[in-house]
Amino acid sequence: NANPNGKEAFDGFVADHILRTCATVKEARVVLDRFSVGLPQGQLLFGDRTGDSMVVEAGDVIISKKGNHQVITNFKISQMPNGGDKCARFKKVDTMFSGAESVSIDMARDALQAVGLKPSPDGLEKRIPGTQYSIVFDLTHLELHVYRSFDFERPIRMDVRKELSRGARAVRLADFVPDAPTNP
């Protein structure tokens, strides 16, 4: 079965297959050259430990990384002729990373803090919860750095290898984060 883009339909969610079987963005690209990503809307960001990345948008649009970083927010990059000029969050993060030779965990954390929504207690009934979780993925060391409720001083570090060694299961991120909201 071919979709309108001439790619085969995948039996299941192709992103799950990619995450289970591909070690690099190049390997993922081979899969996506054959199969439709099957997204009705939205986008996916794939990255690997070599520093390579790509964004896959609904409609099987693939945008490869150019330079030392790749940024996505809540719009389709392919539909913005000048990148993210109209998205303040995209522009801020892109500017933060543009001058750097490489991107570090601290830089990524600072970027998330710069564009996250800080909780504002205006009274209990008007409280704005702000950004619940921010996560930095360290693909070189296979670690997650999780920041809860705009607290960028106390990261929760998770070892991906250790979590994967526990076998297939569903987990709630809140179970790893002390004092997490009950419905993140």
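Residues numbered from 1 in each chain as written. Predicted model: local features only at pLDDT ≥ 70, side-chain atom pairs only at ≥ 80, totals over all residues. Heavy atoms only, no water.

Visitor: How do you make sense of the packing of aromatic side chains when you look at a structure like this?
Guide: What describes a pair of aromatic rings is the distance from one ring centre to the other and the angle between the planes of the rings. Per the stated rule, a full pass over the model turns up 4 aromatic pairs. Pairing Phe10 with Phe35 gives two aromatic rings, centres 5.1 Å apart and planes at 85°, and the pair type is edge-to-face. Remark: Phe35 occurs in the loop between α2 (25–34) and β1 (43–47) and Phe10 occurs in the segment before α1 (14–21); sequence separation between them is 25 residues. You can call Phe10 partly exposed: its relative accessible area is 24%. On the basis of relative accessible area, Phe35 is assigned to the buried category, the value being 13%. Among the aromatic side chains, those forming a connected cluster through ring pairs are Tyr147, Phe150 and Phe152. (Phe/Tyr/Trp six-rings, centres within 6.5 Å; stacked < 30°, edge-to-face > 60°. Helix = DSSP H or I, 4+ residues; strand = E, 2+ residues; numbered from the N terminus. Buried < 20%, exposed > 50% of the residue type's maximum accessible area, 1.4 Å probe, protein only.)

Visitor: It is not clear to me how the pairing of strand β3 (residues 61–64) should be interpreted in this structure. Could you clarify?
Guide: Regular strands have side chains that alternate between both faces of the sheet. Note that strand β2 (residues 53–57) and β3 share 4 bridges and pair antiparallel. The residue of β3 that forms the bridge with Val56 is Ile62. With antiparallel pairing between neighbouring strands as the criterion, β2 and β3 make up a hairpin whose turn holds 3 residues, including Gly59 at a positive phi of roughly 90°. (Pairing = 2+ DSSP bridges.)

Visitor: Help me understand the sheet that holds strand β5 (residues 143–148) in this model?
Guide: Within a beta sheet, neighbouring strands are joined by backbone hydrogen bonds and run either parallel or antiparallel to one another. In space, the 3 strands of this open sheet follow the order β4-β5-β6, with antiparallel pairing throughout. In this open sheet, the two edge strands, each paired with only one partner strand, are β4 (133–138) and β6 (156–159). Between one strand and the next, the sheet's axes are offset by a mean angle of 20°, whatever the strand orientation. (Axes fitted to C-alpha atoms, helices over the stretch in contact; angles between N-to-C directions.)

Visitor: Could you clarify how one ought to interpret the side chain of His69 in this entry?
Guide: Tracing the backbone through its elements, the reader meets His69 in the loop between β3 and α3 (88–98). At 2.5 Å, the side chain of His69 forms a polar contact with the side chain of Asn68. Those residues in contact with His69, other than ones at most four positions away along the chain, are Asp94, Phe97, Ser98 and Val103. (Polar contact = N/O pair within 3.5 Å; in protein donor to acceptor, adjacent residues only side chain to side chain. Contact = heavy atoms within 4.5 Å.)

Visitor: Help me understand the packing of α1 against α2 in this model?
Guide: Angle between the axes and distance between the axes: these two values describe a pair of packed helices. Where α1 meets α2, the axes come as close as 10 Å, and the angle between the chain directions of the two elements is 150°. Along this stretch, α1 crosses α2, giving a crossing that reads as right-handed. Across the interface between the two elements, Val14, His17, Ile18 and Thr21 from α1 touch Glu27, Ala28, Val31 and Leu32 from α2. A breakdown of the residues in the contact of α1 with α2 according to their chemical character gives 5 nonpolar, 2 polar and 1 charged. (Left-handed = near helix turned anticlockwise from the far one by under 90°. Nonpolar A, V, L, I, M, F, W, Y, C, P; charged D, E, K, R; others polar.)

Visitor: Help me understand the layout of surface pockets in this model?
Guide: One simple way to see leftover space: roll a probe sized like a water molecule over the atoms. What the second largest pocket holds in volume is close to 240 Å³. Every residue along the wall of the second largest pocket is listed here: Ile63, Ser64, Lys65, Lys66, His69, Gln70, Val71, Ile77, Phe90 and Asp94. Along the lines of polarity and charge, the residues of the lining of the second largest pocket split into 4 nonpolar, 3 polar and 3 charged. (1 Å grid on protein atoms, 1.4 Å probe; cavity = no way out; pocket = protein on both sides within 12 Å on 5 of 7 lines; lining within 4 Å. Points joined across faces, edges and corners; volume = space filled by probe spheres on them.)

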